[in-house]
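Chains, contacts and geometry: an overview
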Amino acid sequence: MAVAQCASGRRRAIRSSAAAGTMVGGEAAAAVEELVSGVRQAADFAEQFRSYSESEKQWKARMEFILRHLPDYRDPPDGSGRLDQLLSLSMVWANHLFLGCRCGPLPAG
């Protein structure tokens, strides 16, 4: 049995089709609907962090970055603000990628 992680960060056990047989109509539809619902919820969650100055291309890339790393930056119960750190890193990454921003002096040469 394998473990898959949904976009919402939840882990769920899945059986390989070879070991458990294939899914039948209703089961497959329910599994797809659950996956789509999780992706929608994650995208809706991330949408609140979009900057008004971001183009659609920049936002899609930054949203993908946020969603990819969100499970590693969930806010712990003590409220230490890990989500703020993820959002800051996503802006730094986007600025580097799209605007060419760099930190520190450029190497001579």
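Here, the structure is the one placed above.
Residues numbered from 1 in each chain as written. Predicted model: local features only at pLDDT ≥ 70, side-chain atom pairs only at ≥ 80, totals over all residues. Heavy atoms only, no water.

We now examine the overall build of the protein chain. Of the regular secondary structure elements, the protein chain holds four helices and two strands. The secondary structure elements of the protein chain, listed N-terminal to C-terminal, are β-β-α-α-α-α. A buried classification covers 17% of the 109 residues belonging to the protein chain. For the protein chain, the proportion of contacts with a sequence separation of at least 24, taken over those separated by at least 6, is 36%. (Helix = DSSP H or I, 4+ residues; strand = E, 2+ residues; numbered from the N terminus. Buried < 20%, exposed > 50% of the residue type's maximum accessible area, 1.4 Å probe, protein only. Contact = heavy atoms within 4.5 Å.)

Relative to the helices and strands, Leu 83 resides in helix H4 (residues 82-99). Here Leu 83 falls in the buried class, since its relative accessible area comes to 15%.

Turning to the environment of Met 63, a few remarks are in order. Secondary-structure assignment places Met 63 in helix H3 (residues 56-69). In sequence terms Met 63 and Leu 87 are 24 residues apart; their C-alpha atoms lie 9.8 Å from each other. Other than its neighbours up to four places away in sequence, Met 63 contacts Ala 43 and Ala 46.

Once that is clear, we can look at the packing of aromatic side chains. Within this structure, the stated rule accounts for one aromatic pair. The interplanar angle of 20° and the centroid separation of 5.0 Å between the aromatic rings of Phe 65 and Trp 93 together place this pair among those described as stacked. You can see Phe 65 sitting in helix H3 and its partner Trp 93 sitting in helix H4, a full 28 residues away along the chain. The exposure class assigned to Phe 65 is buried, which follows from its relative accessible area of 12%. Owing to a relative accessible area of 30%, Trp 93 belongs among the partly exposed residues under this scheme. (Phe/Tyr/Trp six-rings, centres within 6.5 Å; stacked < 30°, edge-to-face > 60°.)

Position of Leu 67 among the secondary structure elements: in helix H3. C-alpha separation for the pair Leu 67 and Phe 45, spaced 22 residues apart in sequence, amounts to 9.3 Å. Setting aside its immediate chain neighbours within four residues, Leu 67 contacts Ala 42 and Ala 46.

Counting 10 residues, the largest nonpolar core consists of Ala 46, Trp 59, Met 63, Phe 65, Ile 66, Leu 70, Tyr 73, Leu 83, Leu 86 and Leu 87. Every element with two or more residues in this core is listed here: H3 and H4. Ranked by the residues each element gives to this core, the list is headed by H3, at four residues. Aside from chain neighbours lying at most four places away, what touches Trp 59 is Ala 46, Glu 47, Phe 49, Arg 50, Glu 54 and Ile 66. (Core = buried A, V, L, I, M, F, W, Y, C linked by side-chain atoms within 4.5 Å.)

Take the side chain of Arg 62 next. Mapping Arg 62 onto the fold places it in helix H3. The residues contacting Arg 62, other than those within four sequence positions of it, are Phe 49, Arg 50, Ser 51, Glu 54, Leu 87, Ser 90, Met 91, Trp 93 and Ala 94.

Relative to the helices and strands, Ser 90 is located in helix H4. Once residues within four sequence positions are removed from consideration, Ser 90 is found in contact with Arg 62, Phe 65 and Ile 66.

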